[in-house]
Amino acid sequence: EDQVTQSPEALRLQEGESSSLNCSYTVSGLRGLFWYRQDPGKGPEFLFTLYSAGEEKEKERLKATLTKKESFLHITAPKPEDSATYLCAASMDSNYQLIWGAGTKLIIKP
Amino acid sequence: ETGVTQTPRHLVMGMTNKKSLKCEQHLGHNAMYWYKQSAKKPLELMFVYNFKEQTENNSVPSRFSPECPNSSHLFLHLHTLQPEDSALYLCASSQDGLNTGELFFGEGSRLTVL
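K.L.:
What's the story with the side chain of glutamine 6 of chain B in this structure? I'm lost.
P.N.:
Residue and element names in this part refer to chain B. Mapped onto the fold, glutamine 6 is located in strand S1 (residues 4-7). Residue glutamine 6 is classed as buried on the basis of its relative accessible area, which comes to 4%. From its side chain, glutamine 6 meets the backbone oxygen of tyrosine 89 in a polar contact 3.0 Å long. Within polar-contact distance, the side chain of glutamine 6 engages the backbone nitrogen of glycine 108 at 3.0 Å. Not counting residues within four places of it along the chain, the set of residues in contact with glutamine 6 comprises Lys22, Cys23, Trp34, Tyr89, Leu90, Cys91, Gly106, Glu107, Gly108 and Ser109.

Structure representation (structure tokens):
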């Protein structure tokens, strides 16, 4: 069964404490892996697309990486404004529909 | 206005009511989507329209009825809902039809069914 699993479910960090969020996927024929950020009371906001193992994308304090089994969202020296729920999703060659993970709620304490 | 706009932002309805959710996108996109988001669960795709044609209906109960009069507007008509239908309903749009994972979401309509 095609599936995307995110861990941990929630992560609390002190401001400046770097860490990583995990998105593991089991899909047949990955077309792309996508990361989104969702603030409370808002819709998800697109962050990154990764297409092949070894690819990396960066934006400010965030860096997304991809292997053949999982993707990581690394956050370096986070600030309180980085607090949000981070969602990942995978698309397959055979089906355009996105398969979503349940998200990781990130809380950065000042 | 820019982006994807959803109205109303909040809706409370009884099980016998009929209401509608509205979505409008000002991005010139060709595809529009309805998603359901429940706490701690993955986003659930409900309906997809590409160039105003419905291309997907993911076994959604008939008490949810979509309507897409043009590429910029999408509605979700609701009737005789159940309490378990309480959730955040998200509208999204995308460029390049369905061959993309880059979706632009609205802020959602928070639905409570009493």
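K.L.:
Before we go on, may I ask you to explain the interface of chain B and chain A in this structure?
P.N.:
Accessible area lost on assembly of the parts is the figure often given for the size of an interface. Facing 22 residues of chain B, the contacting portion of chain A comprises 17 residues. When the two sides are added together, the surface that chain B and chain A hide from each other amounts to roughly 1,600 Å², 53% of it contributed by carbon and sulfur. Linking glutamate 107 of chain B and lysine 42 of chain A is a salt bridge whose minimum nitrogen-to-oxygen distance equals 3.9 Å. Where chain B packs against chain A, one counts seven residue pairs in polar contact (both at pLDDT 80 or more). Broken down by secondary-structure element, the contributors of at least two residues to the side of chain B that touches chain A are strand S4 (31-37), strand S5 (44-50), strand S6 (53-57) and strand S9 (87-94) of chain B.

Basis of the calculations
Residues numbered from 1 in each chain as written. Chains lettered and ligands numbered in written order. Predicted model: local features only at pLDDT ≥ 70, side-chain atom pairs only at ≥ 80, totals over all residues. Heavy atoms only, no water. Helix = DSSP H or I, 4+ residues; strand = E, 2+ residues; numbered from the N terminus. Buried < 20%, exposed > 50% of the residue type's maximum accessible area, 1.4 Å probe, protein only. Polar contact = N/O pair within 3.5 Å; in protein donor to acceptor, adjacent residues only side chain to side chain. Contact = heavy atoms within 4.5 Å. Buried area = accessible area lost by both parts, 1.4 Å probe. Salt bridge = Lys/Arg side-chain N within 4 Å of Asp/Glu carboxyl O.

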